[in-house]
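Below, each chain spelled out in residue letters.
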Amino acid sequence: MSAPTTPSSRPTVTEREARQVAEAARDQDWRKPSFAKELFLGRLRLDLVHPHPLPDGEAVRRGEKFLAELRDFCETRIDGAVIERDARIPDEVIAGLKELGAFGMKIDTKYGGLGLTQVYYNKALALVGTANAAVGALLSAHQSIGVPQPLKQFGTEEQQAKFLPRCARTDISAFLLTEPDVGSDPARLATTAVPEGDDYVLDGVKLWTTNGVIADLLVVMARVPKSEGHRGGITAFVVETASEGVTVEHRNAFMGLRGLENGVTRFHRVRVPAAHRIGPEGAGLKIALTTLNTGRLSLPAMCVGAGKWCLKIAREWSGVREQWGKPVALHEAVGAKISFIAATTFALEAVVDLSSQMADENRNDIRIEAALAKLYGSEMACLMADELVQIRGGRGFETAASLAARGERAVPAEQMLRDLRINRIFEGSTEIMHLLIAREAVDAHLSVAGDLIDPDKSLSDKARAGARAGAFYAGWLPKLMTGPGQLPTSYSDFKHEVDLSGHLRYVERTARKLARSTFYAMSRWQGRMETKQGFLGRIVDIGAELFAMSAACVRAELLRSRDDHGREAYQLADVFCRQARIRVEELFGRLWTNTDDLDRKVVKGVLSGTYEWLEHGVVDPSGDGPWIADATPGASTKPNVHRPIR
C-alpha cells in the first residue's frame, strides 16, 4: 500500500478544482420530469402538479393519529419558556419523544419506526417547531440529514438492520460535514479516513455539529487518501460517538435555538470498521446532496409553522390593540403586514405540501423544488416574523419572560425572529442555494452548449458542441415567443368566484420571459456567467415566486374541489399572486438595471483599505483571538462534554 497523505495536510485547491468537485457530486442525469426545471426552461407543465397529488387513506390515518398524539405531547410536556431560559431541552422531554416514536417518524415500520410520509413528517415538524424551534431542529437533524436518511437511500441491508432500529427508538444521530475552515467548499475538507486493515482511521475536527453534543451515532464526511486498492475521495461513514478518540470539545451557543445541542467534535485516531462506510469511497458528497434533496424540506416545513403562529398572534393582538379610536389591524399600514403574513403562509404551505407529496410519490425529480422551498421558506419566514415584531411594537422587542413578569401575555415574538434567522444559513445559505439552483436551472443549456464556453475544450469539441447547441436552440427558442399565457381562455378551470386563471397565464408568460433572459445572459457572458452571482440570484428568486404562485393556485383549487375553505383559499391565493407579481416585476427590472459592477469596485476598495477612514469613531467590542480556530488534527486537550441521553 502506498503511503497516504498526512492527516494534518489541508488540501489546497483552485476555484476551478473546487467547482469540479461540486460538479462531480451532483446528480448528472434527469431521469424523471421536474416541474421547476421546466419552469426555468420557459414551460409551465401544470400537468405535473395538477390535479394536486394526495396521500393515500392509510397514510392519512396513520399521520393524523400521530399528529394528535404529538399535539398532546407538545401542549403538556414541552415548556418552550423553560428551554429558552435554561438553553437546554430537558432530558425527560427527549426521552418522551423517543417513547412517542418521534425519532422514527421517517423510518420504516419494519425497523421499529412510524413509517410516516414526507407530508406528515413535515406537518409534525411544523407542529413541534412552534412548541419550541430547538426541539424541531433536534428531530429534523436526526432524521432529515442524520443517519436514517442516508442509510435509507444508500445503506446496505446489514447497515439498515443494525442502525435503523436504534435510530427509531433509542439513539440520536447527527451529520458532520462542516469544519472550522470549510463551509460550502467541501473540496478543502481536511478530516481524513486512512485505510488500515479492515478499518479506517479518522482524524480531524468538525464544527457546528447539530445534535453532536448528545448524539449516539454520527454520519461523518472524511477524505480517504488515494492509494493502492483505494480510489479515495470524500466518503461517508457511520461512527459511534462512544468510540475511543471521539471528543465533543465544546457546546456552541447562538442568538437563537438556545436549546440546540450543537458542538465541536474532534476525531483522533478513531477506528471505524469498513462495514460502516456508506456507499463506495468518493461518494460522500453525492450522498450528502442526494440526502438533502428531500431533507431540505424539513426547514420550510417549520417555517410554515412559524407563519401560522405569526398569523395567529397578529390576528389576536391587532384586533384588541387600539390606536386613534380603532383596532390597529384596521389601519392600512398594519393591515398590509397582516395581509402579507396570511397570503405568504398560505403559499408557503402550498409549496411545502406539494413538494412533499411529490417526494412521497417519487414520480418527479424534486431537487429544484426542494431547494426552492428551502430558499423561499427561510427568507419569507424571517420577513413574516419581522413584520409580527413590528406589529407588536415595543412588546414585539420585549422578551416573553419580561412580558410575563409585568403581567402581560408571554408572547415570544422576538424569540421567533431569532430562532428563524438560522434557517437562511442552515443546510445551504441563501447565497449558496442561489448558486445551486441556478446550476440546475441552466443544466439543459450546459449539457448542449457547455463545451462552447469551456476554455479547456479543443476546437473539435467546441465544433461538436456548436452543432448540438444549434439543433437544441432551433427547436427551443421559437417556443419561447408564444404560449397559452397569451390566450384569455387558458386555465379556465381556475376561474370561479375569484379568478386565478389570469395568474397562471402570467406564470406561463413570465416563465418564457425568464428563459429568454437566461439565454440572453448566457450568450452575453458565456464563461463568465458563473461569476454573475447577483444576476443568477435574481433569476432564481423569480423562479421561486413563479413556483410559489403555481403551488398556491393548485392548492386553492384542491381545497375548492374538496369544499374545504375553498372560497377563502382562492382569496388568499389571489392576494399572494398579486403581491408576488409585484416582486417579480421588480426582480426583472433589477436583472439589467442594478449596481453589481459598482458594488464590485466598492468591495475592492473596502478590502484594500480605501474606505478605512469610514470606520473611525467607534470602538470594537470583539475579543481577541484568531478569526478561525486552529483545527490541527491530534489528541484532544479538552474535557469531553458529550452527554448521551438514556
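Calculation rules
- Residues numbered from 1 in each chain as written.
- Predicted model: local features only at pLDDT ≥ 70, side-chain atom pairs only at ≥ 80, totals over all residues.
- Heavy atoms only, no water.
- Helix = DSSP H or I, 4+ residues; strand = E, 2+ residues; numbered from the N terminus.
- Rg over C-alpha atoms; globule rule 2.2 N^0.38 Å.
- Buried < 20%, exposed > 50% of the residue type's maximum accessible area, 1.4 Å probe, protein only.
- Contact = heavy atoms within 4.5 Å.
- Areas by Shrake-Rupley, 256 points an atom, 1.4 Å probe, with all protein chains shown as cover.
- Lys, Arg positive; Asp, Glu negative; His and termini not counted.
- Charge placed at Lys NZ, Arg CZ, Asp CG, Glu CD.
- Polar contact = N/O pair within 3.5 Å; in protein donor to acceptor, adjacent residues only side chain to side chain.
- Disulfide = S-S within 2.5 Å.
- Pairing = 2+ DSSP bridges.
- Patch = residues over 30% accessible without salt bridge, like charges linked within 9 Å, V, L, I, M, F, W, Y side chains within 5 Å.
- Salt bridge = Lys/Arg side-chain N within 4 Å of Asp/Glu carboxyl O.
- 1 Å grid on protein atoms, 1.4 Å probe; cavity = no way out; pocket = protein on both sides within 12 Å on 5 of 7 lines; lining within 4 Å.
- Points joined across faces, edges and corners; volume = space filled by probe spheres on them.
- Nonpolar A, V, L, I, M, F, W, Y, C, P; charged D, E, K, R; others polar.
- Phe/Tyr/Trp six-rings, centres within 6.5 Å; stacked < 30°, edge-to-face > 60°.
- Lys NZ or Arg CZ within 6 Å of the ring centre and 35° of its normal.
- Axes fitted to C-alpha atoms, helices over the stretch in contact; angles between N-to-C directions.
- Parallel < 35°, antiparallel > 145°, perpendicular 65-115°, else oblique.
- Left-handed = near helix turned anticlockwise from the far one by under 90°.

Caption draft 1: Summary view of the overall build of the protein chain. What the protein chain contains, in helices and strands, is 23 helices and 10 strands. A compact globule built from 646 residues should have a C-alpha radius of gyration of about 26 Å, and the protein chain, at 25 Å, falls within 12% of that. For the protein chain, the C-alpha atoms occupy an extent of roughly 75 × 70 × 65 Å along the three principal directions. Among the 646 residues that make up the protein chain, the fraction classed as buried is 53%. Nonlocal contacts in the protein chain, meaning residues at least 24 apart in sequence, comprise 77% of its contacts between residues at least 6 apart. When the accessible surface of the protein chain is summed, it comes to about 29,000 Å², and 55% of that surface belongs to carbon and sulfur atoms. The averaged location of the 83 negative side-chain charges in the protein chain is 3 Å from the averaged location of its 83 positive side-chain charges.

Caption draft 2: Broad picture of the side chain of Ser34. Summarising the element assignment, Ser34 is placed in the loop between α1 (15-25) and α2 (35-40). Take Ser34: its relative accessible area is 2%, and that puts it in the buried class. A distance of 3.5 Å separates a polar atom in the side chain of Ser34 from the backbone oxygen of Asp365. Excluding anything up to four places from it in sequence, Ser34 contacts Leu48, Asp365 and Glu369.

Caption draft 3: Up close: the state of the cysteines. This model, assessed by the stated rule, comprises zero disulfides. In this structure Cys303 is not part of a disulfide, and its nearest cysteine sulfur, from Cys382, lies 7.2 Å away. Classification of Cys303 as buried rests on a relative accessible area of 0%. For Cys382, a relative accessible area of 9% translates into the label buried.

Caption draft 4: Fine view of the pairing of strand β1 (residues 173-176). Side chains of β1 alternate between two faces, with Ser173 and Phe175 and Ala174 and Leu176 buried alike. Where β1 meets strand β4 (residues 217-224), four bridges bridge the pair, whose relative direction is parallel. Across the sheet, the residue bridging to Phe175 is Val219, located in β4.

Caption draft 5: The environment of Arg516, seen in detail. Mapped onto the elements, Arg516 comes out in helix α20 (residues 501-525). Ignoring any residue separated from it by four or fewer positions in sequence, one finds Arg516 in contact with Leu480 and Met481. At a separation of 2.5 Å, a polar atom in the side chain of Arg516 contacts the main-chain carbonyl oxygen of Leu480.

Caption draft 6: How the structure looks around a nonpolar patch on the surface. A grouping of Val602, Val606, Tyr611, Trp613 and Leu614 is seen on the molecular surface, where their side chains present a nonpolar patch of about 510 Å² in accessible area. On the secondary structure map, Trp613 appears in the segment after α23 (596-608).

Caption draft 7: Representation of the environment of Gly483 within the structure. Mapped onto the elements of the fold, Gly483 is located in the loop between α19 (459-476) and α20. Using a relative accessible area of 17% as the deciding quantity, one classes Gly483 as buried. With 15 residues separating them in the primary sequence, Gly483 and Arg468 have C-alpha atoms 25 Å apart. Sequence-distant contacts of Gly483, defined by excluding residues within four places in its chain, comprise Glu508 and Arg512.

Caption draft 8: Geometry of empty space enclosed by the protein. On inspection of all chains with the given rule, the structure shows two cavities of 30 Å³ or more. Space inside the largest cavity adds up to approximately 70 Å³. As for the largest cavity, its lining consists of Phe40, Ala438, Ala441, Val442, His445, Thr518, Met529, Leu536 and Ile539. Counting only elements with at least two residues in the lining of the largest cavity, the list comes to α17 (430-441) and α21 (533-561). Across the lining of the largest cavity, the residue classes break down as seven nonpolar, two polar and no charged. In this structure, the second largest cavity encloses a volume near 50 Å³.

Caption draft 9: Main features of the packing of aromatic side chains. Evaluated as defined, the whole model comprises 11 aromatic pairs. For the pair Phe35 and Phe547, a centre-to-centre distance of 6.0 Å together with 45° between the ring planes defines the contact as tilted. In this pair, Phe35 is assigned in helix α2 and Phe547 in helix α21, connecting sequence segments 512 residues apart. Residue Phe547 is classed as buried on the basis of its relative accessible area of 1%. Put simply, the rings of Phe472, Tyr473, Trp476 and Phe519 touch in pairs and so form one group of aromatic residues. The residue whose ring lies beneath Arg367 is Trp30, and the NZ or CZ to ring-centre distance is 3.7 Å. Across the ring face of Phe588, the terminal group of Lys513 is positioned such that the distance to the ring centre comes to 4.3 Å.

Caption draft 10: Just unusual backbone geometry, in detail. A cis geometry characterises the amide bond from His50 onward to Pro51, with omega recorded as 0°. A positive phi angle is found at Tyr491, which is not glycine, with a value near 60°.

Caption draft 11: Focus on the side chain of Asp171. On the secondary structure map, Asp171 appears in the loop between α9 (157-169) and β1. Its relative accessible area of 4% is what places Asp171 among the buried residues. A polar contact of 2.9 Å, which involves the side chain of Asp171, links it to the side chain of Thr170.

Caption draft 12: Main features of the packing of helix α12 (residues 332-361) against helix α22 (residues 566-592). Where α12 contacts α22, the two axes come as close as 8 Å, and the packing angle between them is 100°. What the angle tells us is that α12 and α22 run roughly perpendicular. Residue-level inspection shows Ser339, Phe340, Ala342, Ala343, Thr344, Phe346 and Ala347 of α12 in contact with α22, the latter providing Ala569, Leu572, Ala573, Val575, Phe576, Gln579 and Arg583. Classifying every residue of the contact of α12 with α22 by side-chain character gives 10 nonpolar, three polar and one charged.

Caption draft 13: Quick peek at the packing of helix α6 (residues 118-131) against helix α11 (residues 298-320). Where α6 contacts α11, the axes come no closer than 8 Å and their chain directions differ by 50°. One way to sum up the angle between α6 and α11 is to call them oblique. Considering only the axes of α6 and α11, their crossing is right-handed. Residues Tyr121, Asn122, Leu125, Ala126 and Thr130 of α6 pack against Ser298, Ala301, Met302, Gly305, Ala306 and Trp309 of α11. Across the contact of α6 with α11, the residue classes break down as seven nonpolar, four polar and no charged.

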